[in-house]
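A look at the structure
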Amino acid sequence: MSATTSGDHVIRAIRADEWEAVKQLRLVALRDPVADIAFMETYEDAVERPDSFYQERAARSAEELSGARQFIAEAADGVWAGGLTVLVEEAGTTDWAGFPVERRQGHVVGVFVRPEHRGSGLIKALFDAGVAWARERGAERVRLLVHEDNARAQGAYRKAGFVPSGVVVELEADAGKKEFEFVLEWPA
């Protein structure tokens, strides 16, 4: 997939040799004030992972035939302003929460934009790149899950064209809390 531009940023897929930047962006994201409800990982866990974890993650994402792709928004000075990852889920399988996957779909995870870049349209540009990639791989829709208390993210996802599907996932690790599925669908 080729790179696109959004303002002063280039939106593109990561390369295998960029594992250190992948790690740094993840650690920054996990320091965000809402990281505890936005990500299923803590900063402490992520910082303890060996470099080989990030090397393998970057290498998998960069593979052309991979079922996952991480996109980033790169500023003119080389700083990664944000990113997201899209996973392809196959029809006939079950997702991480045990729900059946009824059709081939993209599943967006790891959405993050640095605070100083929020409100600039980068989230929409990142979603556009991720959705285009999923569609190129035959996805019939793209979905994501968002914590019920993460109003900021819900607003950003709505601006990017996603709507609640009605699917609710109970969180085992956070008793009594839920995540809502948001979807972006297109005509068949």
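This text goes with the structure placed above it.
Heads up: these notes are all about the structure in this document.

**Brief notes about helix H1 (residues 19-29)**
Considered for burial, the residues of H1 that qualify are Trp 19, Val 22, Lys 23, Leu 25, Arg 26, Leu 27 and Ala 29. In this fold, the buried residues of H1 make contact with helix H2 (35-38), helix H3 (43-48), helix H4 (51-62), strand E3 (68-75), strand E4 (80-89) and strand E5 (105-113).

**Let's talk about the packing of aromatic side chains**
Following the criterion strictly, the structure yields 4 aromatic pairs and no others. Taking 5.1 Å as the distance between ring centres and 85° as the angle between the ring planes, the aromatic pair formed by Phe 53 and Tyr 54 counts as edge-to-face. Given the relative accessible area of 0%, Tyr 54 is considered buried. Here the aromatic residues Phe 127, Tyr 157, Phe 162 and Phe 182 are joined through ring pairs into a cluster of three or more. Over the ring of Tyr 43 we find Arg 31; its NZ or CZ atom is 3.6 Å from the centre of that ring.

**Quick word on the pattern of salt bridges**
This model, assessed by the stated rule, comprises 19 salt bridges. A salt bridge links Arg 143 to Glu 89; the nearest nitrogen and oxygen atoms lie 3.0 Å apart. With Arg 143 in strand E6 (residues 141-147) and Glu 89 in strand E4, this pair connects stretches of sequence that are 54 residues apart. Overall, Glu 89 belongs to the buried group, its relative accessible area being 12%. With its nearest N and O atoms 3.1 Å apart, the salt bridge here joins Glu 181 to Arg 141.

About the thresholds
Residues numbered from 1 in each chain as written. Predicted model: local features only at pLDDT ≥ 70, side-chain atom pairs only at ≥ 80, totals over all residues. Heavy atoms only, no water. Buried < 20%, exposed > 50% of the residue type's maximum accessible area, 1.4 Å probe, protein only. Helix = DSSP H or I, 4+ residues; strand = E, 2+ residues; numbered from the N terminus. Contact = heavy atoms within 4.5 Å. Phe/Tyr/Trp six-rings, centres within 6.5 Å; stacked < 30°, edge-to-face > 60°. Lys NZ or Arg CZ within 6 Å of the ring centre and 35° of its normal. Salt bridge = Lys/Arg side-chain N within 4 Å of Asp/Glu carboxyl O.

Remember that the coordinates give geometry; whether it matters functionally is a separate question.
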